[in-house]
Amino acid sequence: MAMGGVAGSDAKGDCLVSVESADALQIDIRTKAEALVAPGIQMVVERTLEQLGSPKLTVSVQDFGSLDYVVSARTETAVRKALSLAAVDPNTVVEREATAVDRPRRSRLYAPGNNPRLLAGIDVHGADCVLLDLEDSVPLSEKTSAQILVKHLLAAIAFPQDVWVRINEQDAGGEADVREVLRGRPHGLCLPKAESADDVIRLSKFLDEVEAAYGIEPGFTKIMPIIETARGVLRCEDIATADPRIVMVAFGAEDYTRDVGAIRSRPSLLFARSMIVAAATVAGIQASDTVFADLSDTEGLMKETALARELGFDGKGAINPRQLVPIHEAFSPTENELAYAAQVVEAAEAAERAGSGAVALDGKMIDKPVLERAKRLLKYGAQLAQGGM
Amino acid sequence: MKNALGREIPERIGSRETIPYSGAFASLRNDRKAARHQKGAPRDENKLLPSIEAAIEATGLSDGMTISFHHSFRDGDRVINQVLDVCARKGLKDLRLLPTALFPVHAGIVDHIKSGVVSRIEGSMNGPIGAFVSQGGKLSDPAILRSHGGRWRAVEAGDVEIDVVFIAAPQADAYGNATGIKGKTPCGPIAFTAVDAQYAKHTVVVTSDLAPYPVYPMEIQQGWVDYVVVVDEIGDPANIASGTLRLTTSPTRLLIAQMTTDAVVHSGYFVDGFSFQGGAGGISLAATKYLGDEMEKAGIVGSFGMGGGTKMLVDLLHRGLIRAILDGQAFDLDAVRSLSEDEAHVMIDPGMYANFDSRGCATYKLDAAFLGATEVDLDFNVNVNTHSDGLLLHGIGGHQDVAAGAAMTMITIPTLRGRIPVIMDSVTTVTTPGEVVDVIVTERGIAVNPKREDLKDRFVAAGLPVRTLAEIKHEVDAMVQPVSKPVFGEEIVAAIEWRDGTTIDVVRKVEGFE
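The rules behind each value
- Residues numbered from 1 in each chain as written.
- Chains lettered and ligands numbered in written order.
- Predicted model: local features only at pLDDT ≥ 70, side-chain atom pairs only at ≥ 80, totals over all residues.
- Helix = DSSP H or I, 4+ residues; strand = E, 2+ residues; numbered from the N terminus.
- Rg over C-alpha atoms; globule rule 2.2 N^0.38 Å.
- Buried ≥ 20, exposed ≤ 12 C-beta atoms within 10 Å, placed from the backbone.
- Contact = placed C-beta atoms within 7 Å.
- Nonpolar A, V, L, I, M, F, W, Y, C, P; charged D, E, K, R; others polar.
- Domains from an automatic or database assignment.
- Pairing = 2+ DSSP bridges.
- Axes fitted to C-alpha atoms, helices over the stretch in contact; angles between N-to-C directions.
- pLDDT = per-residue confidence, 0-100.
- Expected span 1.5 Å × (residues − 1).
- Core = buried A, V, L, I, M, F, W, Y, C linked by C-beta atoms within 7 Å.
- Parallel < 35°, antiparallel > 145°, perpendicular 65-115°, else oblique.
- Left-handed = near helix turned anticlockwise from the far one by under 90°.

A separate point is the overall build of chain A. When you go through chain A residue by residue, the secondary structure sums to 14 helices and 14 strands. Against the compact-globule benchmark of 21 Å for 389 residues, chain A has a radius of gyration of 24 Å, which places it among compact chains. Seen through its C-alpha atoms, chain A measures out along the principal axes to roughly 85 × 45 × 45 Å. The buried share of chain A, reckoned over its 389 residues, is 47%. For chain A, restricting intrachain contacts to residue pairs at least 6 apart in sequence, the fraction spanning at least 24 positions comes to 72%.

If you want it as structure tokens, here you go:
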């Protein structure tokens, strides 16, 4: 019986791959400037088929300006559909250095996981964390395509920042997401609608298994639970302290307001925000505020970001690169703050040299928490300066 | 023979001896220009003629002659097609076209080439006509492409002699005075062919709005004009702002615009009296907008912004952020309106804008310019004429003139066009030499020409992402399989003139393309 599979789309930056079973391998490529780019696309298709066990197929590719990783992803998706292959051997886990627990994460920039046009260049905007989304921005029918595309993107790009993947809830395809994208070795996974410590522990245990199977060092993959329900808010201390993989908790206001029947406003979100910041503090991790959905309202974004910092958040979500500058500005220490922190540390060091127990600056006593905060701020400032951010 | 950039240039192109390009400012002249065609007129001369056909007959236009046009209506132009259709009906052959630019609306010229009405083109080549000519064997001589300033210079120098210039004029009087900013369908400045009017054997003003004498401002003067023809339609202003003029929403392009703005702000040129020009591309328009906000923040008032006039530039003028706009052509209707309302929105012709053989160009007063490209290479050379497939798809516009003029010339480009990298080892065609290009801004970093260590130091000190072009290229090339090169034939289909009249490169026939 003839079998077939189609993947991709005719959108800019994408390609449409369709395969059918055949007696021999045949590849047909249609694209603009064919003589120039078709040989390159052919190479990528051949390489991908080889990794899939060189099945005998007719493969036709219609290219709309797709990069190599898109061509391989769409080819793999179409072939797997045609041959009903659940997955391929995990022999291609990429290299990536683990993320530091306390590195600055002022921004997490979302990008829809099945949209090559919006994924293109997502690494160049200077976001502290890039967040490739498999959940809300991906229609149900495209989940597998998105997993495979994100896997190939992770393998193709040496991200200069944290790169995370937002998976689906564990019982709603999340485990398949993990199995697929871990071959691309993301720095971490965002767990949506986290409502209990068990949700996190369950994911962490599953990660133990998959990391072991793929030869990834245990604990490499971090977790960012997203708190976006009433239940999650009330249990966020349990969630934040549930597992050593957690480096940050994030707030999702859209689902939260829907859950509790609130209208989004400063007062209606205040309780959840403060709970999350307090939980993160207890857990010794970072907290990231919800996204601001109105792209055209820069002033609104600035106000909301200033509020988030006031409340103690370390960062905020972004739905478009244009939102990064105001967010980064709000969460970066000012020169005055850095200068004051340096004075505090200097005064403490001078007091220590003098053998004096008490530290004073400008006539004010400096106690230990103030000193610790100053040191943290200076380290943070140095990390930001080093990252060129 | 090879020119100073190592490009192979033949001794002759068509009927002309070539002078190889030898450097951006290597051929300054100090001699007498070619004389104009002179012609007297009795005091009661009646210049009104009933139709384009009557004008063609009156001028004695015949086979092999040269006709010229301006492009102020851009993609809304109706005059070039009307004139050529009449020429075709009258059985004229072998005409040479000398437009200041062509647009998609002029795609019908392909048929006139096929039927032999047009056999040579000097000026701009856009999409369909350029692609057609790139097949080879279409024109009797290679096309000659010139910049706006280069074309003005060539007419004045007698490099190209014009038999009849047809000037689309939104408003004219019966004695030939004409303007582009009044009438039923104003389009902005129309002085692009003012030099043609002064040097051609015959000048025909074609208007859709005949007004009582005297019509002003006199962009075209009565003393240059032989005939005035009234027609129903000369152009559709709605199509002036088509094509490249769109505000982009692409995050990559907006990032490049932001990086461009940051680079300008930290260049050392960003002080009171600062001047700049942006092109009509989405990145340039966004950069103009961002730059205005930075000027406001810093309390800086610029001396002038240069057009193509756009809504973006007009906004800066109205906000008091620049003292004047110097404008040779309108890129949208906001600019057209502003030309008749804002005294500080000043019309200039391409001679003042960019004539190499003059004692000073407006472009030389520019501090910063941001321009586009189809390709750049590791020597900072820029291509705006051909694509990587070798097809001749664009004219030069003011690219060379602005790049050579501005103190800091910035090329703003995304690193990939589809799956084709934009940074090459060597560009397919050199339009503008790396010698006059200072900075290349891409979404993956800012590359500074090694001869501008001063700029590099400033950018680095400001924390801007400065990288070498080779580094950026390496990163981009890793994302796509190498692109094959087009196969070129021997035949030269076009020559690219540098703005001084020397030949900077040639474009050859593309094999296997139909």
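What follows deals with the overall build of chain B. Counting its secondary structure elements, chain B contains 14 helices and 27 strands. At 22 Å, chain B has a C-alpha radius of gyration in line with the 24 Å of a compact globule built from 514 residues. Principal-axis analysis of the C-alpha atoms gives chain B an extent of 70 × 55 × 45 Å. Taking the intrachain contacts of chain B between residues at least 6 apart in sequence as the baseline, contacts between residues at least 24 apart amount to 72%.

The subject of this paragraph is the interface of chain B and chain A. At the junction of the two partners, chain B supplies 21 residues and chain A supplies 22 residues. With four residues, helix H7 (residues 251-265) of chain B is the single largest residue contributor to the side of chain B that touches chain A. Here the residues of the side of chain B that touches chain A are counted per class, giving 10 nonpolar, seven polar and four charged.

The next point concerns the domain arrangement of chain A. Here the domain parsing of chain A yields domain 1 (4-83), domain 2 (107-331) and domain 3 (335-386). Taken over C-alpha atoms, the centre of domain 1 of chain A sits 59 Å from the centre of domain 3 of chain A.

Turning to the sheet that holds strand S27 (residues 503-510) of chain B, a few remarks are in order. All names here are of chain B. Taken together, the three strands give an open sheet; going across it, the order is S7-S26-S27, and neighbouring strands pair in mixed fashion. The strands lining the two open edges of the sheet, one partner per strand, are strand S7 (143-145) and S27. Strand-to-strand twist across the sheet, computed as the mean angle between neighbouring axes with direction ignored, equals 40°. Pairing between strand S26 (residues 488-497) and S27: six bridges, direction antiparallel. By the bridge assignment, Ala495 is partnered in S27 with Val506. On the sheet, helix H4 (residues 127-134) packs against S7, S26 and S27 and is oriented at approximately 135° with respect to S26.

With that settled, the discussion passes to the pairing of strand S11 (residues 202-207) of chain B. Residues and elements named next belong to chain B. The buried fraction of S11 amounts to six of the six residues, a majority that puts the element mostly inside the structure. Side chains His202, Val204 and Val206 project from S11 onto one buried face, and the interleaved Thr203, Val205 and Thr207 project onto a second face that is buried too. Bridging between strand S8 (residues 164-169) and S11 involves six bridges; their strand directions are parallel. For Ile167, the partnering residue across the bridge sits in S11 and is Val205. Direction of pairing for S11 relative to strand S12 (residues 227-230): parallel, over a ladder of four bridges. By the bridge assignment, Val206 is partnered in S12 with Val229.

Residues and elements named next belong to chain B. Per the domain assignment, the segments of chain B are domain 1 (46-122 + 160-240) and domain 2 (251-488). Each side of the interface is counted separately: domain 1 has 15 residues, and domain 2 has 17 residues. Of the residues contributing to the side of domain 1 that touches domain 2, the split by class is 11 nonpolar, two polar and two charged.

On to the sheet that holds strand S7 (residues 162-166) of chain A. Adjacent strands of a sheet form backbone hydrogen bonds with each other and so pair up, either parallel or antiparallel. Residues and elements named next belong to chain A. Taken in spatial order, the eight strands line up as S5-S6-S7-S8-S9-S10-S11-S12 and close into a barrel, and their pairing is parallel. Geometrically, the sheet is characterised by an average inter-axis angle of 25° between neighbouring strands, direction not taken into account. Two elements, strand S5 (residues 107-112) and strand S12 (residues 315-318), share three bridges in a ladder whose sense is parallel. In the sheet register, Leu109 faces S12, and the bridge partner there is Ala318.

The subject of this paragraph is the confidence of the model for chain B. Of all residues in chain B, 99% have pLDDT values of 70 or greater, and the mean over the chain is 94. If you check the scores for this complex, the pTM reads 0.92 and the ipTM reads 0.87.

Another point: helix H8 (residues 282-298) of chain B. The first and last C-alpha atoms of H8 of chain B sit 24 Å apart over 17 residues, in line with the 24 Å expected at 1.5 Å per residue. Just beyond H8 of chain B, the residue with positive phi is Gly299 of chain B, at close to 70°.

Before going further, it helps to examine the environment of Asp198 of chain A. Looking at the secondary structure, you find Asp198 of chain A in helix H6 (residues 197-214). A C-alpha to C-alpha distance of 9.7 Å links Asp198 of chain A and Asp243 of chain A, two positions 45 residues apart in sequence.

This paragraph deals with the nonpolar core. Counting residues in each nonpolar core, the largest one holds 258 residues, and the members touching the most others are Val249 and Ile276 of chain A together with Ile167, Val206 and Ala494 of chain B. Excluding anything up to four places from it in sequence, Ile276 of chain A contacts Ile227, Cys236, Val249, Phe251 and Ala287 of chain A.

All names here are of chain B. That bond from Tyr213 to Pro214 is cis: its omega, 0°, falls within 30 degrees of zero. Relative to the helices and strands, Pro214 is located in the loop between S11 and S12. Tyr216 connects to Pro217 through a cis peptide bond whose omega is -5°. Relative to the assigned elements, Pro217 resides in the loop between S11 and S12.

Turning next to the packing of H7 of chain B against H8 of chain B. All names here are of chain B. Interhelical geometry of H7 versus H8 gives an angle of 45° and a closest axis separation of 8 Å. The orientation of H7 with respect to H8, classified from their angle, is oblique. For the element pair H7 and H8, the recorded crossing hand is right-handed. Note on element contacts: H8 touches H7 through Gly282, Ile283, Ala286, Ala287, Tyr290, Leu291 and Glu294, opposite Arg253, Leu254, Ile256, Ala257, Gln258, Thr260, Thr261, Val264 and Val265. In terms of residue class, the contact of H7 with H8 is built from 10 nonpolar, four polar and two charged.

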